[in-house]
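Descriptive analysis of the structure
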Amino acid sequence: MTRRWRDLGLAGLGFIVLLLVPLLGAPPAIRDFIMFAMAYGLLAMSLNLLIGYTGLVSFGHAMFFASGAYAFGLAMQSGKFSIPAAFALAIVFTAVLAVIIGAICVRLNEIYFAFLTLAFQMLIYNIILGWVSFTGGDQGLMGGIPRPKFLGIDLADRTQLYVFCSVLFVVCIAIMRQIVTSPFGYTLRLIRDNQERAAFLGIDVARAKLVCFVISACVASVGGILLALFVSGAYPNFGFWTTSGEAIFMILLGGSTVFLGPVIGTVILRILTDVTVAYTSHTELVLGIVILVLVLGLRKGPLDVIAERLENRRQAKAEKVRDAADAAGGKKP
């Protein structure tokens, strides 16, 4: 219970920090950068539920990012839904889609799982491109996404939109934190470390993977909704394989074993992209070199390295204390 309240307190502190950005008069570019990072941060965090905690590498996770954006955008363009209703509809639609796809994918492991998710993503992507009358094809949803007021909230105002996105981001992060620290979260770790042993202990491995798959898809859809609100539209590149690749890069840049590592990786990747675009046209080359250095040099994310060193120091200190206590006990008559 103490850890749960501590995590909720940290979530509240994070929300206060986000609120300070507009209160301190930060320029609109900073707020836009943070909203963009929050949307993609949820995509990376949701993918890390599969990669970092369950050991399932998905190459197609962006299809749920796109499904949330398109379902929300189409519901709002129909004029029949309020923003909360469209939000709920988009999450339910993504959950149903994830159950159907996940029921097939989770029965496979390693590279077979990865490429099957990629196949489903390209299927969804081609549906988006081909169904022009419904999705707008390669032009995306035309006409923007309406933002009617609800409960006194006007998302047409950029400051209120920023606060709304911050609330959803912090709530999703808090929910994921409770999941990974729950018995279910430790079950996922057991499946990641030794799937055969988990099955031997009576765990329904396929069911646990499917539940994790659906949860991660729903969180990714929330990221897609935030991005759709931010850009007032939904576009095919939301569900392209490169978007899934970017999410994997974010996890690699931040770290998969540290809870907020993917969010840090998102910020790092966006800063690297913005800086390289400003000073050179060879963005992909620069990012490729950075990823190559991490893979060949650190072999893990920077936060993973820091966390590992801190843990080694803690264990070494505990061992010294234990050795000193044993030595003191041995001297007693």
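Residues numbered from 1 in each chain as written. Predicted model: local features only at pLDDT ≥ 70, side-chain atom pairs only at ≥ 80, totals over all residues. Heavy atoms only, no water.

Scanning the protein chain from terminus to terminus reveals 14 helices and zero strands. For the protein chain, the succession of helices and strands along the chain, N to C, is α-α-α-α-α-α-α-α-α-α-α-α-α-α. Against the compact-globule benchmark of 20 Å for 333 residues, the protein chain has a radius of gyration of 22 Å, which places it among compact chains. The principal-axis extent of the C-alpha atoms belonging to the protein chain is close to 85 × 50 × 45 Å. A total of 333 residues make up the protein chain; the buried ones form 44% of that total. Restricting to contacts in the protein chain with at least 6 residues of sequence separation, those with at least 24 account for 74%. (Helix = DSSP H or I, 4+ residues; strand = E, 2+ residues; numbered from the N terminus. Rg over C-alpha atoms; globule rule 2.2 N^0.38 Å. Buried < 20%, exposed > 50% of the residue type's maximum accessible area, 1.4 Å probe, protein only. Contact = heavy atoms within 4.5 Å.)

We now examine the pattern of salt bridges. Counted under the stated rule, the structure contains two salt bridges. Taking the shortest distance from any N to any O, the salt bridge between Arg158 and Asp32 comes out at 3.3 Å. You can see Arg158 sitting in helix α7 (residues 158-180) and its partner Asp32 sitting in helix α2 (residues 28-54), a full 126 residues away along the chain. Residue classification places Asp32 among the partly exposed residues on the basis of a relative accessible area of 27%. The shortest N-O distance in the salt bridge between Asp193 and Arg192 comes to 2.9 Å. Residue class for Asp193 comes out exposed when judged on its relative accessible area of 57%. (Salt bridge = Lys/Arg side-chain N within 4 Å of Asp/Glu carboxyl O.)

This part is about the side chain of Arg270. The residue Arg270 is located in helix α12 (residues 261-279) in this model. Within the buried set, Arg270 has no salt-bridge partner at all; the shortest N-O distance to an opposite charge, 4.1 Å, is to Glu246. The contact partners of Arg270, leaving out residues within four places of it in the chain, are Phe33, Phe36 and Glu246. (Lys, Arg positive; Asp, Glu negative; His and termini not counted.)

Moving on, we get to the nonpolar core. By size, the foremost hydrophobic cluster in this structure holds 86 residues, and its most contacted members are Leu42, Phe64 and Phe72. Every residue in contact with Phe64, bar those within four places of it in the chain, is listed here: Thr94, Leu97, Ala98, Ile101, Phe213, Ala217, Ala220 and Ser221. (Core = buried A, V, L, I, M, F, W, Y, C linked by side-chain atoms within 4.5 Å.)

Quick look at the packing of aromatic side chains now. The final tally for this structure, using the stated rule, is twelve aromatic pairs. Pairing Phe64 with Phe213 gives two aromatic rings, centres 5.5 Å apart and planes at 90°, and the pair type is edge-to-face. Of the two residues, Phe64 sits in helix α3 (residues 62-78) while Phe213 sits in helix α10 (residues 205-231), which places them 149 residues apart along the sequence. On the accessibility criterion, Phe64 (1% relative accessible area) is buried. Plain terms: the ring middles of Phe113 and Phe213 are 6.2 Å apart, the flat faces sit at 85° to each other, and that makes the pair edge-to-face. Taken together, the residues span a long stretch of sequence, with Phe113 in helix α5 (residues 110-130) and Phe213 in helix α10 at a distance of 100 residues. (Phe/Tyr/Trp six-rings, centres within 6.5 Å; stacked < 30°, edge-to-face > 60°.)

Here α2 is 27 residues long and its end C-alpha atoms lie 38 Å apart, about the 39 Å a rise of 1.5 Å per residue gives. Taken as a whole, α2 carries its principal kink of about 40° at Asn48. Counted residue by residue, α2 has 21 buried out of 27 residues, so it is predominantly covered. Just beyond α2, the residue with positive phi is Gly55, at close to 75°. (Expected span 1.5 Å × (residues − 1). Bend = angle between axes of the 7 residues up to and from the residue.)

Closest axis-to-axis distance for the helix α1 (residues 2-23)/α7 pair is 10 Å, and the angle between their directions is 160°. Looking at the two axes, α1 sits roughly antiparallel to α7. Classified by chirality, the crossing of α7 by α1 is right-handed. Contacts between α1 and α7 involve Arg4, Arg6, Asp7, Leu8, Ala11, Phe15, Leu18, Leu19, Val21 and Pro22 from the former and Thr159, Tyr162, Val163, Ser166, Val167, Phe169, Val170, Ala174, Arg177 and Gln178 from the latter. Residues belonging to the contact of α1 with α7 are distributed by class as follows: 13 nonpolar, three polar and four charged. (Axes fitted to C-alpha atoms, helices over the stretch in contact; angles between N-to-C directions. Parallel < 35°, antiparallel > 145°, perpendicular 65-115°, else oblique. Left-handed = near helix turned anticlockwise from the far one by under 90°. Nonpolar A, V, L, I, M, F, W, Y, C, P; charged D, E, K, R; others polar.)

Here we come to the state of the cysteines. The full count for this structure, using the stated rule, is zero disulfides. In this model Cys172 remains outside any disulfide bridge; the closest cysteine sulfur is found in Cys218, 9.8 Å from its own. (Disulfide = S-S within 2.5 Å.)

The next thing to look at is the packing of α2 against helix α8 (residues 183-193). The contact between α2 and α8 brings their axes to 8 Å, and the two run at 60°. By the angle class used here, α2 and α8 are oblique. In contact with Gly52, Tyr53 and Thr54 of α2, α8 contributes Leu188, Arg189, Ile191 and Arg192. Residues that form the contact of α2 with α8 fall into these classes: three nonpolar, two polar and two charged.

By the secondary structure assignment, Val263 is in helix α12. Here Val263 falls in the buried class, since its relative accessible area comes to 15%. Taking the C-alpha atoms as reference points, Val263 and Lys80, separated by 183 residues in sequence, lie 34 Å from one another. Beyond its immediate sequence surroundings of up to four residues, Val263 is in contact with Gly41, Met45, Phe169 and Ile173.

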